[in-house]
Amino acid sequence: MHTTVVPELLAPAGSPDALIAAVSAGADAVYLGGAHYGARQNAVNFGKTEMEWALRYCHARGVRVYVTLNTLLSDAEILDAVAYARFLYTSGVDAVIVQDVGLAEILHTSLPDLPLHASTQMTVLSKDGLNWVRALGCLRVVLPRELTLREIAAIYAGADENYPEPEVFVHGALCYGYSGQCLLSSLIGGRSGNRGSCAQPCRRDYTLLSGDTDAEGLPVKASLKTVKTQYLLSPRDLCTYPKITDIVRSPAVSLKIEGRMKSPEYVAAVVYVYRKILDEAKKGSFAPSDVDMLTLRAAFNREFTAGYLLDEKSGTVMGPEAPGNRGVHIGAVRSYDARKKMAEITLDGTYAPEAGDGISFSDGTPDFFGGAVFRNAPTIRDRNLRVRVPMPVRPGNQVFLTKSGRSAEYAAGLLRKNASRMVPVDLVLSFDGDTPVVTGTASSRTGEVSVSVKAGFSFSPAQTRPVTPENLADLLSRTGDTPYYVRSFSSDYTGGLFAPIREITAFRREFFAALEDAAVQSFLPEKTAGAAGLPVLPGETHGSEISPIPGAPKISVYVSDCDTLRGALAAGCHRVYFEPQGRPGSDADSEPWDGWLSSQMAQAAALCHEAGADLIWKWPRITRQEFLDKACRIPVQGISGVMGENISALAAARRAFPDLPLYGGSGLNIFNSQAARIFGRDCVSVTLSPELSFDAIGTLVFRLTAGVETDPIPECIIHGPAELAVSEDCIIATAHGRCLQCGDTPGDRPWFGIQDVKKHIFPVTVDAECRTHVWNSRETCIIDHLDLLVNAGIRHVAIDCRIRNGRYAESVVRAYQDAFALLIAGESMKGRKIQALKDRVHQRASGGITTGHFLKGVEEKEERKINI
């Protein structure tokens, strides 16, 4: 029979019941979070006792357990997380999933035998990025959902054992922006996705606006026109079921189902379907089933998409019509009797409701209303049925199955049995004299475990009622509520002996308990190196004061065109981060992208050389392999350095330009001094996370420098609209039907933004690769808090003018230069002169100003000792 090696099926476990459902339905591995430091802090998660239970439960059944430690960590938290990781390691966890590179390196150094998986939030996009995280100690990388199978195959072409193995998402919710690169929830509502508390603002409705801009790049309100109002940032749910064989043939070693916030019923249904099709694919007999698709849709769906993974970007990923569960359309209301509160429904033949099913109604809007549950199987005649509906419905209202009784009963059955995932055991009964000895070998996906147990009693010659061979085989093969079933039993017992039934039963229980213990023990580490104490981080044993450094901080400016560059230089900035965001023409005779980019860089280099400023070529926040291959061939004459916003970009730039200084952008999510130090091995300067407070910055800077300004130089972006999200979706195409590259601009207006229900307008740009960038509705501004920044030890700052123009750049840079001069002269930050400067930049700000997280930070915890 033809067999295919299939990848691991990895299931979410947001609660103990969901874990049981996942294991029982056939998952090879589960991923779950502890009480802290996981990216789903609103899931039930697992405390210490629950974690120990989860590890034992899974390992007894041959199922691997991966624990999420995938949030950014401050200096006050990182040793706490290390202590927790040590507890997980000694408890036998199969791997931890990490986002924070500082934590990853500490764990790799202090617990070298603890397997590390790089979270999708690390944004690893290329071969160079894979090599970088492998050096960090990661054995596996959860690839971004935006990479296609073709890209993954190209990245892993010629891969050897030094490459981290690839894990891909195959089912569940999609994020609008690249995971780990999204600040939408953080800066809109104070709930950080990078800290495990995303509030999902992408699921809200927005209005796409287009308009003109004024002399400083601000939208002219009178010119704004509505393009469309929909749930423009809400993707459909990923479902790769119909094309699973394409993924099985890919380099992916693990197929991940999203859903740690989902119910046990959802987990049971989805894992069941994917287990079934993977087993069929292994035999070479898989064919898509309408019944399976119905099961998946009934579990939860926002309509399905095969996602970016299967090259289905255009027109399929986004679901702007509605943000929630769509259910399964099964018919329409034929009539409603208001007095009896009884609706007659005509089914469309897709599905016939069963006992336990729930239905909802729609009048064509995105939201469902009403609802009914079939407590008994309904009577259906000529595709018509009647059901009691307390809330009035109207003829023509559409009917959707939104609760599957079959899935609920299946999950309930798994939870009741608590052992549907049974491990086969081969038993051999022998005798040492008259004392029975049972040897058993249990076989699971993670290997074999064997034990031999000698009874504490002996058989004796039977006087009246001997134990027959059949009786003894039956008594020893009863596995009860253990995770085992007896696949084979062999014995040399011929009969004629006697032992009390209670003794044989107790012996059987002793054996299966020993077998389960052996299975659990097989997952425990052989080494416990580094378990004696927590590592001491640089700067931790010193004081907390920053040595004063005279003079004002140096100001760098982010620009995206030469007009803005000229304004920044006119104001006297010493360094420019230049990220060309225009695009070549769309006609056949237009200049190729790399030629256009080279000419832009040459023009910028000439301007900076004349002004005596450093030109740093800033690469985009997202740099996939195609961009890196082209960018690494661009001439760098006149360029003083390259800035990378992700691991893959930095690694590629270091390989391509070994003598050129590198700069780390905010996309690296540097949240602690250890992460800054790691990136500082390649970078002369690193931009700190915009989610840090002044206090956290002070701690980070001190531990990084110990009071002396050294490489890497920490820098903060102190002014400008923050880049909230980068998405593969072209929002113009989603709302308008055609993208900008098609040459059709909605309303013939150059400026775009999205407006939320509170009337906040977020600027939107679409780059040369048709990616959408969403910017904050208010501009970050700390011009009246510069004393706190300087006291925190920051001597290099940046102003982001990428979506404004030269006039704006010159005005704002001059305002901050004046503010720093007043600070050095001893002026109060609350004084009249500073407030006048604040008013000046406020007038030029898009949508107003905000201090962001500088004053309060995000969900910071007190530094404390851990006792685990």
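Data block above holds the structure.
Reading the values: the criteria
- Residues numbered from 1 in each chain as written.
- Predicted model: local features only at pLDDT ≥ 70, side-chain atom pairs only at ≥ 80, totals over all residues.
- Heavy atoms only, no water.
- Helix = DSSP H or I, 4+ residues; strand = E, 2+ residues; numbered from the N terminus.
- Buried < 20%, exposed > 50% of the residue type's maximum accessible area, 1.4 Å probe, protein only.
- Areas by Shrake-Rupley, 256 points an atom, 1.4 Å probe, with all protein chains shown as cover.
- Lys, Arg positive; Asp, Glu negative; His and termini not counted.
- Charge placed at Lys NZ, Arg CZ, Asp CG, Glu CD.
- Pairing = 2+ DSSP bridges.
- Contact = heavy atoms within 4.5 Å.
- Salt bridge = Lys/Arg side-chain N within 4 Å of Asp/Glu carboxyl O.
- 1 Å grid on protein atoms, 1.4 Å probe; cavity = no way out; pocket = protein on both sides within 12 Å on 5 of 7 lines; lining within 4 Å.
- Points joined across faces, edges and corners; volume = space filled by probe spheres on them.
- Expected span 1.5 Å × (residues − 1).
- Axes fitted to C-alpha atoms, helices over the stretch in contact; angles between N-to-C directions.
- Phe/Tyr/Trp six-rings, centres within 6.5 Å; stacked < 30°, edge-to-face > 60°.
- Lys NZ or Arg CZ within 6 Å of the ring centre and 35° of its normal.
- Core = buried A, V, L, I, M, F, W, Y, C linked by side-chain atoms within 4.5 Å.
- Arc of directions from axis to C-beta.
- Parallel < 35°, antiparallel > 145°, perpendicular 65-115°, else oblique.
- Nonpolar A, V, L, I, M, F, W, Y, C, P; charged D, E, K, R; others polar.
- Polar contact = N/O pair within 3.5 Å; in protein donor to acceptor, adjacent residues only side chain to side chain.
- Disulfide = S-S within 2.5 Å.

**A closer look at the overall build of the chain**
Helix and strand counts for the chain stand at 23 helices and 36 strands. The principal-axis extent of the C-alpha atoms belonging to the chain is close to 110 × 75 × 55 Å. Per-residue burial over the chain gives 58% buried out of 868 residues. For the chain, the accessible surface area stands at approximately 34400 Å², while carbon and sulfur atoms represent 49% of it. Counting 91 positive and 98 negative side-chain charges, the chain places the centres of these two groups 6 Å from one another.

**Some points on the pairing of strand β32 (residues 751-755)**
Counting buried residues along β32, 5 of its 5 residues qualify, which places the element largely inside the surrounding structure. Neither face of β32 is open: one carries Trp751, Gly753 and Gln755, the other Phe752 and Ile754, and all of them are buried. Here 4 bridges tie β32 to strand β33 (residues 761-766), and the two strands are oriented antiparallel to one another. If you follow phenylalanine 752 over to β33, its bridge partner there is valine 764. If you look at the hairpin formed by β32 and β33, you'll find 5 residues sitting between the two strands, and lysine 759 has a positive phi there, around 75°.

**Observations concerning the pairing of strand β26 (residues 575-578)**
Of the two faces of β26, both are covered, the one formed by Arg575 and Tyr577 as well as the one formed by Val576 and Phe578. Here strand β25 (residues 554-559) pairs with β26 via 4 bridges, running parallel. Residue pairing across strands places tyrosine 558 opposite tyrosine 577, the latter belonging to β26. Relative to strand β27 (residues 614-618), β26 is paired through 4 bridges, and the arrangement is parallel. Each bridged residue has a counterpart across the sheet, and for phenylalanine 578 the counterpart in β27 is tryptophan 617.

**Observations regarding the environment of cysteine 716**
Positionally, cysteine 716 belongs in strand β31 (residues 713-727). A relative accessible area of 2% places cysteine 716 in the buried class. For the pair formed by cysteine 716 and phenylalanine 400, sequence separation is 316 residues and the distance between their alpha carbons is 51 Å. Residues within four places of cysteine 716 in sequence aside, it is in contact with Leu688, Ile697, Leu789, Ile794, His796, Val797 and Ala798.

**Quick word on the pattern of salt bridges**
Taken as a whole and assessed by the stated rule, the structure comprises 45 salt bridges. Between arginine 487 and aspartate 426 there is a salt bridge, with the nearest N and O atoms lying 2.9 Å from each other. Taken as a pair, arginine 487 in strand β23 (residues 484-491) and aspartate 426 in strand β19 (residues 423-432) lie far apart in primary sequence, 61 residues in all. A residue is classified by how much of its surface remains accessible, and aspartate 426, at 24% relative accessible area, is partly exposed. Note that lysine 618 and glutamate 579 form a salt bridge whose closest N and O atoms lie 3.0 Å from each other.

**Some remarks on empty space enclosed by the protein**
Evaluation of the coordinates by the stated rule reveals 7 cavities of 30 Å³ or more. Along the walls of the largest cavity sit 28 residues, with Leu183, Ser666, Pro690, Ile717 and Ala722 positioned nearest its centre. When residues of the lining of the largest cavity are assigned to their parent elements, the largest contribution, 7 residues, is made by β31. In this structure, the second largest cavity spans a volume of roughly 180 Å³. If you go around the second largest cavity, you meet 16 residues; those closest to its centre are Pro580, Trp593, Pro620, Phe627 and Ala768.

**Description of helix α15 (residues 593-611)**
A rise of 1.5 Å per residue sets the reference length of α15, with its 19 residues, at 27 Å; its end C-alpha atoms lie 27 Å apart and thus fit the reference within 8%. Here α15 has its buried residues at Trp596, Leu597, Gln600, Met601, Ala604, Ala605, Leu607 and Cys608. In the core, the buried residues of α15 are packed alongside α14 (562-570), β26 and β27. One or two steps after α15, the chain reaches glycine 612, where phi turns positive at roughly 75°.

**Some words on the sheet that holds strand β17 (residues 384-388)**
Read across the sheet, 6 strands follow the order β16-β15-β18-β13-β14-β17 without closing on themselves; strand pairing throughout is antiparallel. Lying at the two open borders of the sheet, with one neighbouring strand each, are β16 (369-373) and β17. Strand after strand, the sheet turns through a mean of 40° between neighbouring axes, direction not considered. In this structure, strand β14 (residues 342-347) lies alongside β17, joined through 5 bridges in antiparallel fashion.

**So, the packing of aromatic side chains**
Scanning all chains against the criterion turns up 19 aromatic pairs. When the ring of phenylalanine 457 is compared with that of phenylalanine 507, the centres are 6.1 Å apart and the planes differ by 85°; the resulting orientation is edge-to-face. Note that phenylalanine 457 is positioned in the loop between β21 (447-454) and β22 (460-461) and phenylalanine 507 in helix α13 (residues 501-521), a separation of 50 residues in sequence. What makes phenylalanine 457 buried here is its relative accessible area of 11%. Grouping aromatic residues by their ring pairs yields a cluster made of Phe431, Phe457, Phe459, Tyr493 and Phe507. It is arginine 145 that lies over the ring of phenylalanine 169; its NZ or CZ is 3.7 Å from the centre.

**Observations concerning the sheet that holds β19**
Strand order in this open sheet of 4 strands is β21-β20-β19-β23, and the pairing throughout is mixed. Of all strands in the sheet, those bounded by a partner on one side alone are β21 and β23. Direction aside, neighbouring strands of the sheet carry axes that sit 20° apart on average. Taken strand by strand, helix α12 (residues 469-476) contacts β19, β20 (435-444) and β23, and its axis lies near 135° from that of β19.

**Quick word on the nonpolar core**
Val30, Tyr274 and Trp619 are the most contacted members of the largest nonpolar core, which totals 185 residues. A total of 11 residues in this core trace back to one element, the largest contributor, which is helix α9 (residues 264-283). With near-sequence residues (within four places) excluded, tryptophan 619 lies in contact with Glu579, Phe627, Leu628, Ala631, Cys632, Val642, Met643, Glu645, Ala649, Ala652, Ala653 and Phe657.

**Things to note about the environment of proline 436**
Assignment of secondary structure puts proline 436 in strand β20. Between the alpha carbons of proline 436 and tyrosine 493 there is a distance of 9.4 Å; along the sequence they are 57 residues apart. Those residues within four positions of proline 436 in sequence are excluded, and the remaining contacts are Leu429, Ser430, Phe431, Val453, Lys454, Ala455, Phe457, Phe459 and Phe507.

**Thoughts on helix α23 (residues 832-843)**
Helical periodicity: at 3.6 residues per turn, an α-helix aligns residues three or four positions apart in one direction. The end-to-end C-alpha separation of α23 is 16 Å, in line with the 16 Å expected for 12 residues at 1.5 Å each. Every buried residue belonging to α23 is among Ile834, Leu837 and Val841, and all of these are buried. Viewed along the axis of α23, the buried residues span an arc of 60°, placing them on a single side of the element. Exposed residues on α23 whose side chains face more than 90 degrees from its buried face are Arg832 and Gln843.

**Thoughts on the packing of helix α5 (residues 127-135) against helix α17 (residues 647-656)**
Pairs of packed helices are described in terms of their axes, by the angle between the two and the distance that separates them. Two elements in contact, α5 and α17, have axes separated by 7 Å at closest approach and are oriented at 100°. In terms of orientation, α5 and α17 fall into the roughly perpendicular class. Only Ile647, Ser648, Ala651, Ala652 and Arg655 of α17 make contact with α5, whose side of the interface consists of Asp128, Gly129, Trp132 and Val133. For the contact of α5 with α17, a count of residues per class yields 5 nonpolar, 2 polar and 2 charged.

**As for the side chain of aspartate 292**
One can find aspartate 292 in helix α10 (residues 290-299). By relative accessible area, aspartate 292 is classed as buried at 2%. One polar contact links aspartate 292 to tyrosine 241, side chain to side chain, over a distance of 2.9 Å. Sequence-distant contacts of aspartate 292, that is, excluding residues within four places in its chain, are made with Tyr241, Val273, Lys276 and Ile277.

**Some thoughts on the environment of isoleucine 257**
In this structure, isoleucine 257 sits in strand β11 (residues 254-257). The class of isoleucine 257 is buried, set by a relative accessible area of 1%. Excluding residues that lie within four positions of it along the chain, isoleucine 257 makes contacts with Leu9, Leu10, Ala11, Pro12, Tyr31, Val170, His171, Val270, Val271 and Tyr274.

**Examining the state of the cysteines**
Tallied over the full model, the rule gives 0 disulfides. Free of any disulfide, cysteine 198 has its nearest neighbouring cysteine sulfur in cysteine 202, separated by 6.1 Å. Residue cysteine 683 stays outside any disulfide, its sulfur separated by 15 Å from that of cysteine 632, the closest cysteine. With a relative accessible area of 2%, cysteine 683 lands in the buried category.

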